[in-house]
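Secondary and tertiary structure notes
Residue-level listing of the chains:
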Amino acid sequence: MRFDELDLHEDVMQGLDAMNFKEMTPVQEQTIPVILEGKDIIGCAQTGTGKTAAYSLPLLDRLVREGNPENAVRAVIMVPTRELAQQIGMQFDGFGYFLPVSTAVIYGGGDGPGWEQQKRALQLGSDVIIATPGRLIAHLSTGGVNLSHVAYFILDEADRMLDMGFSADIMQIASYLPKQRQTIMFSATLPPKIRELARKILQNPVEVNIAVSKPNEAIRQSAFICYEHQKPILIKSLFKQPGTGKCIIFSSSKQKVKNLTYTLKKQGLNAAAMHSDLTQEQREEVMLDFKNGKINLLVATDIVARGIDIEDIGLVVNYDVPHDPEDYIHRIGRTARADADGAAITFVSEEDQTRFYLIERFIDRDIEKNPLPEEAGEAPEYAPKLRKGKKGSGNRRRNHPGKGGHRYASSRKTGGKPSVPHKKKSTAPHTESSRREVAASRPTAPQKKGKEGEGA
């Protein structure tokens, strides 16, 4: 279905045309008409499915048609992290470029002037407030913030907010809002705690469930079965020849991220680290450099496993196997975005074999096992131990000790993106989603000035 088949305001359509948005994704096709009808909705959809546009476009359409005669806050969007808040703010700037709609992004971790700028934006009545729960609660507790005219309450990544302990904060914020409002909730999963929250704050919601929890079929997945001490050798082999594409290397700890970044820089590679020890200003600088191509290797914890939207990431490397299958999907979902191809490689040490086997079972496929490069030496057998004490089933392919090279190189055919041999096209459906922190980045259209406090 095309966007021009919807009865969206002409200025909203002008923004879509400028951004070359033509066809709707499944989540947009199923949710936008419902939201335009004014109904509450609970949507199960993961990052990368287009859910930001699914709620922002109908919201902007309603706001521009209704106007804001009271000069009041009309919509509140709650998100789990400041990085996601920033990214959604940039998306609103793009979609609403031709609209007289102002936004303010409210999150913690900034300086004193940042707090004052956010406070002014709230008091002056920005049309749309995009906020993390804790920071908005802090502003509400100081007084002078009026949310009595809010007509739209949107919760993005609701499951993650509950995982981070924001349930009470969400209910407290909801208590400041009018009972007669439209409430929209998006979540990657619908466990009992999410359904309980929905029961409390939504009224007769329409439920939309987009098939998720499978990697994008455009991602070529493979793995190295190795010993822990062989991982640095694999990294050196993988990046023996500098590529022109962007790559994210995920690791399970901040110290490993720091060590890996140091190693890559010593190899003469253009790498930078991203982890929670960095200040917000440092994170934003690293992400901007990565987006703009000043660096092409980003070594990170799961702080960027979700929410970052950079289209030209050609390779994702899991230096460590993630803790659960959905984390794996979120990590590798950083590549193969916007109809591009991508590759994902996972280093599987002996102690991580069972965890990796559970990922294979979760996505319902065997992930190709690459032979180790000659310099790495012998590989362990792939024989994950299952809960009943049995080893991996006979139909599960194993990685016997092998030799062979494996290069990370640019390819003319892939437009300079990483090209990894021995790859097998995935047949799994599209998706992504989940972990403790996120980083965000790109504006989707030229930025414009709104009311005071916009982009705070």
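The paragraphs below set out a description of the structure included in this document. Small disclaimer: the values here were computed from a predicted structure and weren't measured.

With that settled, consider the overall build of the protein chain. Within the protein chain one finds 14 helices and 16 strands. Residues classed as buried in the protein chain amount to 59% of the 456 residues present. Considering only residue pairs separated by 6 or more positions, the protein chain has 80% of its internal contacts joining residues 24 or more positions apart. For the protein chain, the accessible area works out to roughly 18700 Å², and carbon and sulfur atoms hold 48% of it.

Running from amino to carboxyl end, helix 6 (residues 133-142) crosses helix 8 (residues 167-175) at an angle of 45 degrees, the nearest separation of the two axes being 10 Å. Accordingly, the angle class assigned to the pair helix 6 and helix 8 is oblique. For the pair helix 6 and helix 8, the sense of crossing is left-handed. Seen from helix 6, the contacting residues are Pro133, Gly134, Leu136, Ile137 and Leu140; seen from helix 8, they are Asp169, Gln172 and Ile173.

Before going further, it helps to examine the pairing of strand 8 (residues 219-225). Every other side chain in a regular strand lies on the same face of the sheet, so the side chains alternate between the two faces. In terms of residue burial, strand 8 counts as a mostly covered element, since seven of its seven residues are buried. Burial of strand 8 is two-sided: the residues Ile219, Gln221, Ala223 and Ile225 facing one way and the residues Arg220, Ser222 and Phe224 facing the other way are all buried. In this structure, strand 8 lies alongside strand 13 (residues 342-348), joined through seven bridges in parallel fashion. In the sheet register, Arg220 faces strand 13, and the bridge partner there is Ala343. Note that strand 8 and strand 14 (residues 368-370) share three bridges and pair parallel. Bridging from a neighbouring strand, Ser222 pairs with Glu368 of strand 14.

Spacing of three or four residues puts side chains on the same side of an α-helix, whose turn is 3.6 residues. Over its 13 residues, helix 12 (residues 280-292) extends 18 Å from the first C-alpha to the last, a length consistent with the 18 Å expected when each residue adds 1.5 Å. As for helix 12, its buried residues are in contact with helix 4 (82-95), strand 9 (246-250), strand 10 (271-274), strand 11 (297-300) and strand 12 (313-318). In the segment just after helix 12, Gly293 is the residue with positive phi, at about 85 degrees.

Here Asp40 lies in the loop between helix 2 (26-36) and strand 1 (41-44). No salt bridge is formed by the buried Asp40, whose closest oppositely charged neighbour, Arg181, lies at an N-O distance of 6.6 Å. A distance of 2.7 Å separates the side chain of Asp40 from the backbone nitrogen of Gln203, its partner in a polar contact. Contact partners of Asp40, with chain neighbours within four places excluded, come to Arg181, Gln182, Thr183, Ile201, Leu202, Gln203, Asn204, Pro205 and Val206.

Moving on: the pairing of strand 1. Where burial is concerned, the two faces of strand 1 agree: the one with Ile41 and Gly43 and the one with Ile42 and Cys44 are both buried. Here four bridges tie strand 1 to strand 6 (residues 182-187), and the two strands are oriented parallel to one another. Across the sheet, the residue bridging to Ile41 is Ile184, located in strand 6. Taken together, the four bridges between strand 1 and strand 7 (residues 206-209) define a ladder with parallel strand orientation. The residue bridging Ile42 from the neighbouring strand is Glu207, located in strand 7.

This part is about unusual backbone geometry. Phi is positive for Asn20, which is not a glycine, with a value near 65 degrees. Mapped onto the elements of the fold, Asn20 is located in the loop between helix 1 (10-18) and helix 2. Backbone geometry at Asn71 places phi at a positive 50 degrees, although glycine is not the residue there. Mapped onto the elements of the fold, Asn71 is located in the loop between helix 3 (51-66) and strand 2 (75-78).

About the criteria used
- Residues numbered from 1 in each chain as written.
- Predicted model: local features only at pLDDT ≥ 70, side-chain atom pairs only at ≥ 80, totals over all residues.
- Heavy atoms only, no water.
- Helix = DSSP H or I, 4+ residues; strand = E, 2+ residues; numbered from the N terminus.
- Buried < 20%, exposed > 50% of the residue type's maximum accessible area, 1.4 Å probe, protein only.
- Contact = heavy atoms within 4.5 Å.
- Areas by Shrake-Rupley, 256 points an atom, 1.4 Å probe, with all protein chains shown as cover.
- Axes fitted to C-alpha atoms, helices over the stretch in contact; angles between N-to-C directions.
- Parallel < 35°, antiparallel > 145°, perpendicular 65-115°, else oblique.
- Left-handed = near helix turned anticlockwise from the far one by under 90°.
- Pairing = 2+ DSSP bridges.
- Expected span 1.5 Å × (residues − 1).
- Lys, Arg positive; Asp, Glu negative; His and termini not counted.
- Salt bridge = Lys/Arg side-chain N within 4 Å of Asp/Glu carboxyl O.
- Polar contact = N/O pair within 3.5 Å; in protein donor to acceptor, adjacent residues only side chain to side chain.

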